[in-house]
Amino acid sequence: SHSHSHSQSHSHTPAAASAVLEKQKRLKTKAKQQSMARRMKWEAQSGSADANAYYGNGSSHEDQEEEYVFMEDPHPQYQVDSSLEVSLNNDNRNNLGRHTSIESDDSFDYTFQTMKQQQQLSSTDICNRGMSKRRRVNLLIDQCETVRFPFKKKLILANMGLVPHDLPLEDLNALGPTLVKLSLARNRLMAIPDTIVLRLTGLRTLDLSQCELCTLPPKWNLPQLRRLNLSHNRLTEFPDEAVLEGIPELQHLDMYGNRVCEIIVPRSQNHATTSLLLSKLEYLDLGYNNLAYLPEDLATAWTSLRTLKVTNNVLERIPQLVCEMHSLSVLDVSSNPLLQPPIETCERGICSMRRYYACLQLEQVSKQKMMDDLKKRQQ
């Protein structure tokens, strides 16, 4: 009988242990489901987890299920912190949870820990962005340096959130005359480093649009530069002689969206005979500036100009000499308070503007002829 009872006790013990393990497993699964539901609601409320509001006196289906779980378990030490995903195997949590309900406190702890993690993540993200920015710049420079053909070396660093101390000036200096295109558009540079306009002598295209520039470097040395984009900055002055002497081959100049008030046609003073600068300029855009007039000597200075855009300024008159420039094929003066030629004439294009001045000239000639005839008759 002793052996029979001994074997019976051995057979009963594994069954009891299995039942306890099954109970724990069921409780753990239930706790995970409830934790997931709470997390989804917490995220929907933008991070505000109010335990008292969520575990109110209402008799929702979830509350009834939760109550059933804890009432079913005869051992309070196995109560689960249902606001966390891992609680059954945590001895410290079991010791804290014996004979008491700590569900609300755990919900608050979870919210506090989550907010703290979010703050840590935000600071980490900033650091990661800085590291990522540097890695991207270095990668682009490496790709540029590996190009075998010098005339194909292009470096595009546009819209990367760069500030002045982020610019890889040493690497740019190393590229030197082999770089033919550089874009720093849509970066908060505030000013252009001298290295860019003095050392990169092989540049043919330079894009400095939307860089919040207020002034230009006083001296440039880009003898091969063909295209210069300075649009959407805060420049108040047209480039002067010292700047334009360093870009003698410039053909395309875009200064749209600045604060330029006056175009001063520059002339070089470095030679015995004064030569005109920007003599090869073909495209000029000064739209959305503060121009009040166009200088007449522009017609004799920039004889290669084909496109002139001065939209959205405060121009009241377009000089006849400018309209009659032989090289000019596009003259856009829309959205100006024009008086001469009239707005309706200007809207039809440069040919209508030329006809306007031609008719005006014929009218003046006819008037002068009539005046001469009257004087002869009086004599």
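Data block above holds the structure.
Criteria and cut-off values
All residue numbers here refer to positions counted from 1 along the written sequence of the relevant chain. A pLDDT threshold of at least 70 governs which residues receive local features in this predicted model, and a stricter bar of 80 or more applies before side-chain atom pairs are shown or counted, although totals over entire chains, interfaces and linings include all residues. The side-chain numbers reported here are obtained from all heavy atoms of the structure, hydrogens and water having been left aside. Counting from the N terminus, the helices are the DSSP runs of H or I reaching at least four residues and the strands are the DSSP runs of E reaching at least two. The buried label goes to any residue with under 20% of its type's maximum accessible area, the exposed label to any with over 50%, and the partly exposed label to all in between, with areas taken from a 1.4 Å probe on protein chains only. We call two residues in contact whenever any of their non-hydrogen atoms come within 4.5 Å of each other. Residue-level accessible areas treat just the shown protein chains as cover; the underlying method is Shrake-Rupley with a 1.4 Å probe. Residue types Ala, Val, Leu, Ile, Met, Phe, Trp, Tyr and Cys, when buried and joined through side-chain atoms within 4.5 Å, form a set referred to as a nonpolar core. In this description, strands pair whenever DSSP reports at least two bridges between them. A fitted line through C-alpha atoms represents every axis, and for helices the fit uses only the stretch in contact; the resulting angles, taken between N-to-C directions, go from 0 to 180 degrees.

### Considerations on the overall build of the chain
- Each helix and strand in the chain was counted, giving twelve helices and eight strands.
- The buried share of the chain, taken over its 379 residues, is 36%.
- In the chain, once contacts between residues fewer than 6 apart in sequence are set aside, the share between residues at least 24 apart is 53%.
- Summed over its atoms, the accessible surface of the chain is roughly 23,000 Å², and 52% of this surface lies on carbon and sulfur atoms.

### Description of the nonpolar core
- Judged by nonpolar contacts, the single largest core of 67 residues is most densely connected at L182, L206, W220 and W302.
- Contributions of two or more residues to this core are made by α5 (103-145), α6 (169-175), α7 (194-198), α8 (241-244), α9 (298-301), α10 (320-323) and α12 (350-378).
- Excluding residues within four positions of it along the chain, W220 makes contact with I192, V197, L198, L206, L228, A242, V243, G246 and I247.

### Remarks on the sheet that holds strand β3 (residues 205-207)
- Judged by pairing direction, the sheet is parallel, and its eight strands sit side by side in the order β1-β2-β3-β4-β5-β6-β7-β8 without closing on themselves. Every other strand in the sheet has two partners, leaving β1 (154-156) and β8 (330-332) as the edge strands with one partner each. On average, each strand axis in the sheet is inclined to that of its neighbour by 5°, with strand direction left out of account.
- Note: β1 against strand β2 (residues 181-183), three bridges, orientation parallel. Residue L155 lies in a different strand from β2, and its bridge partner there is L182.

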